[in-house]
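Chain by chain, the residues run as shown.
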Amino acid sequence: MTQNPDPNPDPSQDDLLSSEQQQQQPESLSSPGRVLSIDTRVEQAWAHWKKLGKPKYIVAPMVDNSELPFRLLCQKYGAQAAYTPMLHSRVFTETEKYRNQEFTTCKEDRPLFVQFCANDPDTLLEAAKRVQPYCDYVDINLGCPQRIAKRGNYGAFLMDNLPLVKSLVEKLAQNLTVPVSCKIRIFPNLQDTLNYAKMLEEAGCSLLAVHGRTRDEKDGKKFRADWGAIKEVREALRIPVLANGNVRCVEDVDECIRETGVEGVLSAETLLENPAAFAGFRTAEWAKEEGYVDGGLDQGDLVVEYLKLCEKHPVPWRMIRSHVHKMLGDWFRVHPRVREEFNAQNILTFEFLYGLVDQLKELGGRVPLYKKRKIDTPQSP
């Protein structure tokens, strides 16, 4: 296991707590329990964001999918920050096995947002204290729209209980040494969204990521994210704001920043299929414009890179299986028999998966990733 988070970490026992990483903790937040003025908190929020390099290209939190090896793969191909998968705060505090399997990191894994779902401030704080030495933000998931979140009373379903949301943010903001961030969805009514965002800022949120869809708009292919609403939130707040939604390629990130004024953009589904998206690579579906050529990279290559990272940083096999399915989806459509062979494997091994990629390449029908052709500019005499 790359890391075993502990509520009272001992630097001598964990090489992750190098002196360099300890210095990344913002000095201005080093006195938990202090209630700072809004002006001071806003100043600190921007100082921290700038210290991290103001990342634009960010891996969104994805249950079972934004784990350490995948974060590192995306980082190699242009991602500048990343979120962990959503962690359940109560289970995280109670179960050592869950902590060890579901949260791993390493010194290269920064800037890092560690995301929790919660509905109890004290439980959330206990979980957050375990991870604060290893991350740059502790993030509260206020956007999960799935039924499991409704049953568990967390995520986007806390939009029905804003006093509880406020208490979660305040508890962390007043007791952690790292900033608190939140990820939300929008309300159907814009003013409700703006009031919600301002409440989070006033409660101590230092950075807000806004998914531009409502709680009921679960299908990203059916419902376009509302960049207009995100722009309104950005203009209403004083803290850094990030956007989430409608990102198919790196050019979409730049367009979103121009249209909304946000500091950075999160991507989820696009990266699952193409972890090299932030480096300018596109799948065939989004490379139909003139000027896109074979980029010399394909999803089979990315799977091999991902598997090597998994060997170095072990994660549960269910995560590996999911990523292989996503990244090789186009290839499996060409060779359904190989997909059936993959699905029939109850127990996976690295040897089998490397062989699977070799088999697909030997069968032909390579599906490349595309990149914009570089245009040579004439040199001045």
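What you see is a predicted model; the values in this text were computed from it and never measured. (Residues numbered from 1 in each chain as written. Predicted model: local features only at pLDDT ≥ 70, side-chain atom pairs only at ≥ 80, totals over all residues. Heavy atoms only, no water.)

**Student:** Explanation requested: unusual backbone geometry in the structure shown.
**Tutor:** Most peptide bonds take the trans configuration, and most residues that are not glycine carry a negative phi. Residue Pro111 follows Arg110 across a cis peptide bond; omega there is -10°. Residue Asp64 is not a glycine yet carries a positive backbone phi of 65°. Mapped onto the secondary structure, Asp64 falls in the loop between β1 (57-59) and α3 (68-76). (Helix = DSSP H or I, 4+ residues; strand = E, 2+ residues; numbered from the N terminus.)

**Student:** Teacher, can you tell me more about the pattern of salt bridges here?
**Tutor:** Taken as a whole and assessed by the stated rule, the structure comprises 19 salt bridges. Two residues, Arg282 and Glu251, come together in a salt bridge whose shortest N-O distance is 3.1 Å. In this pair, Arg282 sits in the loop between α12 (269-273) and β10 (292-298) while Glu251 sits in helix α11 (residues 250-260), placing the two residues 31 residues apart along the sequence. The exposure class assigned to Arg282 is buried, which follows from its relative accessible area of 6%. Owing to a relative accessible area of 31%, Glu251 belongs among the partly exposed residues under this scheme. Here Arg366 makes a salt bridge to Asp294, at a shortest N to O gap of 2.7 Å. Of this pair, Arg366 sits in the loop between α17 (350-363) and β11 (368-372) while Asp294 is found in strand β10, placing the two residues 72 residues apart along the sequence. Under the relative-accessibility criterion, Arg366 is labelled partly exposed at 39%. (Salt bridge = Lys/Arg side-chain N within 4 Å of Asp/Glu carboxyl O. Buried < 20%, exposed > 50% of the residue type's maximum accessible area, 1.4 Å probe, protein only.)

**Student:** What am I meant to see in the pairing of strand β4 (residues 112-117) here?
**Tutor:** Each regular strand shows side chains that alternate between the opposite faces of the sheet. With six of its six residues buried, β4 lies for the most part within the structure. Burial of the side chains of β4 extends over both faces: Leu112, Val114 and Phe116 are buried on one face and Phe113, Gln115 and Cys117 on the other. Of the pairings in the sheet, the one linking strand β2 (residues 81-83) to β4 comprises two bridges and is parallel in character. Its bridge partner lying in β4, Tyr83 is registered against Phe113. Direction of pairing for β4 relative to strand β5 (residues 137-142): parallel, over a ladder of four bridges. Residue Phe116 lies in a different strand from β5, and its bridge partner there is Ile140. Handedness of the β4-helix α6 (residues 121-131)-β5 crossover: right-handed. (Pairing = 2+ DSSP bridges. Right-handed = clockwise from strand over helix to strand, strands pointing away.)

**Student:** When you look at the packing of aromatic side chains in this model, what are you seeing that I'm missing?
**Tutor:** Any pair of aromatic rings gets described here by the distance separating the centres and the angle formed by the planes. Across all of its chains, the model carries 11 aromatic pairs by this definition. Consider the rings of Phe92 and Tyr98, whose centres lie 6.4 Å apart with planes at 85°: the pair is edge-to-face. Looking at Phe92, the relative accessible area reads 0%, which means it is buried. An angle of 10° between the planes, with centres 4.7 Å apart, marks the rings of Phe113 and Tyr137 as stacked. Separated by 24 residues along the polypeptide, Phe113 in strand β4 and Tyr137 in strand β5 bring together distant segments of the chain. Like Tyr137, Phe113 is buried. An aromatic cluster of three or more residues is present, and its members are Phe92, Tyr98, Phe103, Phe116 and Tyr134. Across the ring face of Phe342, the terminal group of Arg321 is positioned such that the distance to the ring centre comes to 5.6 Å. (Phe/Tyr/Trp six-rings, centres within 6.5 Å; stacked < 30°, edge-to-face > 60°. Lys NZ or Arg CZ within 6 Å of the ring centre and 35° of its normal.)

**Student:** Would you take a moment to explain the nonpolar core for this structure?
**Tutor:** One recurring pattern in soluble globular proteins is that nonpolar side chains are buried together. Leu200 and Leu208 are the most contacted members of the largest nonpolar core, which totals 113 residues. Residues lining this core come from more than one domain, with at least three contributed by each of domain 1 (38-274) and domain 2 (292-372). Residues in contact with Leu200, not counting those within four places in the same chain, are Leu142, Val165, Val169, Cys182, Ile184, Cys205 and Leu208. The next biggest cluster of nonpolar side chains, apart from the first, holds six residues, and it includes Met86, Ala149, Tyr154 and Phe157. (Core = buried A, V, L, I, M, F, W, Y, C linked by side-chain atoms within 4.5 Å. Domains from an automatic or database assignment. Contact = heavy atoms within 4.5 Å.)

In short, the description is geometric, and any link to function would need to be established separately.
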